[in-house]
Amino acid sequence: MEHQRRSKISDLLKSKEYGKEVLVKGWVRTRRGNKNVNFIALNDGSVVHHIQVVAEVANFDENLLKLVTTGSCLAVKGVLVESQGQGQNVEIQAREIEVYGSADAETYPLQKKGHTLEFLREIAHLRPRTNTFGAVLRIRHAMAYAIHKYFNDQGFFYIHAPIITGSDAEGAGAMFRVTTLDAGNPPRLPGGEIDYAQDFFGKETNLTVSGQLEAELAAMALSLVYTFGPTFRAENSNTPRHLAEFWMIEPEMAFYDINDNMDLAEEFLKYLMQYALDHCYDDLEFLNKMYDNELIDRLKGVIGSSFERLTYTKAVEILMASGQTWEYPVSWGADLQAEHERYLVEKHFGKPVILTDYPKDIKAFYMKQNTDGKTVRGMDVLFPKIGEIIGGSQREENLDALMNRIHEMNIPEKDVWWYLDTRKFGTTPHAGFGLGFERLILFVTGMANIRDVIPFPRTPKNAEF
RNA sequence: UCCUCCUUAGCUCAGUUGGUUAGAGCAUCUGACUGUUAAUCAGAGGGUCGCUAGUUCAAGUCUAGCAGGGGGAGCCA
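Residues numbered from 1 in each chain as written. Chains lettered and ligands numbered in written order. Predicted model: local features only at pLDDT ≥ 70, side-chain atom pairs only at ≥ 80, totals over all residues. Heavy atoms only, no water.

Draft legend 1. Fine view of the pairing of strand β15 (residues 387-394). Judged by how many residues are buried, β15 sits mostly within the fold: 6 of 8 residues are covered. What sits between the antiparallel neighbours strand β14 (residues 375-383) and β15 is a turn of 3 residues, in which lysine 385 has the positive phi angle 75°. In this sheet, strand β16 (residues 430-436) lies alongside β15 in antiparallel orientation, the contact comprising 5 bridges. Bridge assignment links serine 393 to a residue of β16, and that residue is glycine 432. (Buried < 20%, exposed > 50% of the residue type's maximum accessible area, 1.4 Å probe, protein only. Helix = DSSP H or I, 4+ residues; strand = E, 2+ residues; numbered from the N terminus. Pairing = 2+ DSSP bridges.)

As structure tokens, this is what we get:
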């Protein structure tokens, strides 16, 4: 039966070519029936829905049908017909069934009944075969594609930032060391310290925590650029919003100020929400029904809203005047806590919020300093349910001002000489932001735990698979 | 890392003031059933109660430590 072309189930479910001979291949979700007829729900991952294969028992070897278990993989040749039963429009009257691989029913861990997400995490190698993870992975793909499409259409260039970095200057968190030295017996200097001169790169190296500094270098030549790659944080964070390995999108734009930056962030996010609604509606509907009844409304809400923009100082005033009691007190100069951000987004404004002009002492060295001497042109985009989805800023383009901050924050100049060169040679105002890809997927899928929106999550004490 | 909760059959969970042989639903297996929709009906098999110590005549149940997991917090994206 190999000469015929395989039809995707997504296409067949939309087809009206009744009577046509078709070939489908996929994995069995359930088989049920009686001594006369079997119904096989087959899924090939092209769409969340299954196609129903109808097998008249008399037409098949009994031993063959026994191999058609939940989880087994089949090729089915048959005729596409209008369904006689309720629940589906089309089905396949099977003529030939080939079992590529059966799945032992006693030991196959996935049942046709639902499983908890916690259990599925323990079998992450098989969970793509569930409706939930099929939907999440298709949406994840669509968002990755939409990100590239958006930036490409806007004239941005995709920059590949290095994954191994010799700089520790991003200050974005603890790093994973990269080394080829023998951990049990590293070469040592006379004083006892490890001699990294003998390491692969001749110096200490780590996995990147951000591609931003490299993106800035490229923006100083190509004007509009973005990175989209994996980043790594060795923080001992055990929350439903953190991963040790995650993907980040970091656009960087020459000639943009903080307002241009906010405009881009807002338009970009709305584009992605709209793309999901336009291209992943079946999957969103499934997730909306199974996990989060407000998912689709929330996505539409973001698209239809105008993000509230206000300064950190104004936000502090609102919080102090709110009459709320806080676990962490609000005061100018302290970073806002999750409870404060949630109040602003979910209670006070009821829509996404962009906060700007934070105290310089709670933000990174590269942010553009305001003339008040106290604040910097940082911006955080806060979303309902997940909090900070984007963090960005206009960058400090003035060499002297940047040098001052580097000295104040004790960043070794020798580690960032190449970054400083951009301010020495042809500097210009520029801005950018970082979007955590998995945080975006959390929001778009309505899933509650970030471990369920990446195929193989890396978290403290867990690097299985 | 801090606070808190959880860990009993393949999965989801009951399990009384500590007391004989640890239960249910689903799944699996066997059988029944002429089109099912997480099919239905009948029967059967399936357990080192997370691990290690301790208290006790007796521990799934009480205590401590450890491990793993969930939720909240911090760090952040």
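Having put the structure on the table, let's press on.
Draft legend 2. View of the pattern of salt bridges. This structure, assessed with the given rule, holds 25 salt bridges. For aspartate 292, the salt bridge goes to lysine 385, with nearest N and O atoms at 3.4 Å. Note that aspartate 292 is positioned in the loop between α7 (281-290) and α8 (295-304) and lysine 385 in the loop between β14 and β15, a separation of 93 residues in sequence. With a shortest N-O distance of 2.5 Å, glutamate 408 and arginine 405 are connected by a salt bridge. Residue glutamate 408 and its partner arginine 405 are both found in helix α11 (residues 399-408); the two are separated by 3 residues, about one turn of the helix. Judged by relative accessible area, glutamate 408 falls into the partly exposed class, the value being 49%. One connected set of salt bridges, linked through shared partners, spans Glu216, Glu252, Arg395 and Arg423. (Salt bridge = Lys/Arg side-chain N within 4 Å of Asp/Glu carboxyl O.)

Draft legend 3. Structural view of the side chain of serine 305. Along the chain, serine 305 turns up in the loop between α8 and β12 (308-311). Serine 305 has contacts with Glu266, Lys270, Lys351 and Pro352, leaving out every residue within four places of it along the chain. (Contact = heavy atoms within 4.5 Å.)

Draft legend 4. Layout of the sheet that holds β15. With mixed pairing, 8 strands are arranged side by side in an open sheet as β6-β10-β11-β16-β15-β14-β13-β12. A strand with exactly one partner marks an edge of an open sheet, and here the two such strands are β6 (157-158) and β12. Two strands pair when backbone bridges link them, and β14 and β15 are joined in this way by 6 bridges, in the antiparallel orientation. In the sheet register, phenylalanine 383 faces β15, and the bridge partner there is glycine 387. This element, helix α5 (residues 212-222), spans β6, β10 (224-232), β11 (245-254) and β16 of the sheet and lies at about 30° to β11. (Axes fitted to C-alpha atoms, helices over the stretch in contact; angles between N-to-C directions.)

Draft legend 5. Expanded view of α7. Turning to α7, its buried residues are Asp283, Leu284, Phe286, Leu287 and Asn288. As for α7, its buried residues are in contact with α4 (131-153), α6 (258-279), α8 and α13 (437-445).

Draft legend 6. Spotlight on the packing of aromatic side chains. Taken as a whole and assessed by the stated rule, the structure comprises 22 aromatic pairs. An angle of 45° between the planes, with centres 5.2 Å apart, marks the rings of tyrosine 150 and phenylalanine 268 as tilted. With tyrosine 150 in helix α4 and phenylalanine 268 in helix α6, the pair connects residues that are 118 residues apart, well separated along the chain. No difference in accessibility class separates tyrosine 150 from phenylalanine 268, as the two residues are buried. (Phe/Tyr/Trp six-rings, centres within 6.5 Å; stacked < 30°, edge-to-face > 60°.)

Draft legend 7. Broad picture of the packing of α5 against helix α12 (residues 417-424). Remark: α5 packs on α12, axes separated minimally by 10 Å, with the N-to-C direction vectors making an angle of 30°. By the angle between their axes, α5 is roughly parallel relative to α12. Pair α5 / α12 crosses with left-handed handedness. The segment α5 lies against α12, with Leu213, Glu214, Glu216, Leu217 and Met220 engaging Trp418, Tyr419, Thr422 and Arg423. Of the residues in the contact of α5 with α12, the class split is 5 nonpolar, 1 polar and 3 charged. (Parallel < 35°, antiparallel > 145°, perpendicular 65-115°, else oblique. Left-handed = near helix turned anticlockwise from the far one by under 90°. Nonpolar A, V, L, I, M, F, W, Y, C, P; charged D, E, K, R; others polar.)

Draft legend 8. Focus on the sheet that holds strand β4 (residues 73-82). Spatially, 5 strands are ordered β1-β2-β3-β5-β4 in a closed barrel, and the strand pairing comes out mixed. Going from strand to strand, the sheet's axes swing by 55° on average, the running direction of each strand aside. Looking at chain direction, strand β1 (residues 21-33) and β4 are connected through 7 bridges and run antiparallel. The partner of tryptophan 27 across the bridge, within β4, is cysteine 73.

Draft legend 9. Broad picture of the environment of isoleucine 40. Relative to the helices and strands, isoleucine 40 resides in strand β2 (residues 37-43). Residue class for isoleucine 40 comes out buried when judged on its relative accessible area of 0%. Linking isoleucine 40 and isoleucine 411, residues 371 residues apart in sequence, is a C-alpha distance of 63 Å. Not counting residues up to four positions away in its chain, the partners in contact with isoleucine 40 are Val28, Thr30, Arg31, Ile51, Gln52, Val53, Val68, Leu74 and Ile97.

Draft legend 10. Structural detail: the protein's contact with RNA strand B. Around RNA strand B, 50 residues are found, and the nearest of them are Asn34, Lys113, Thr239, His242 and Arg439. The protein-proximal atoms of RNA strand B, defined as those within 4 Å of the protein, are 53% sugar or phosphate. A distance of 2.7 Å is found between a base nitrogen of RNA strand B and a side-chain nitrogen or oxygen belonging to glutamine 111. For the surface near RNA strand B, a count of residues per class yields 11 nonpolar, 23 polar and 16 charged. (Near = heavy atom within 4 Å. Polar contact = N/O pair within 3.5 Å; in protein donor to acceptor, adjacent residues only side chain to side chain.)

Draft legend 11. Broad picture of the packing of α4 against α13. Closest axis-to-axis distance for the α4/α13 pair is 10 Å, and the angle between their directions is 120°. Overall, the two elements α4 and α13 adopt an arrangement that is oblique. In this structure, the crossing between α4 and α13 has a hand that is right-handed. Facing α4, whose interface residues are Val136, Ile139, Arg140, Met143, Ala144 and Ile147, α13 presents Phe437, Glu438, Leu440, Ile441, Val444 and Thr445. For the contact of α4 with α13, the per-class residue count stands at 9 nonpolar, 1 polar and 2 charged.

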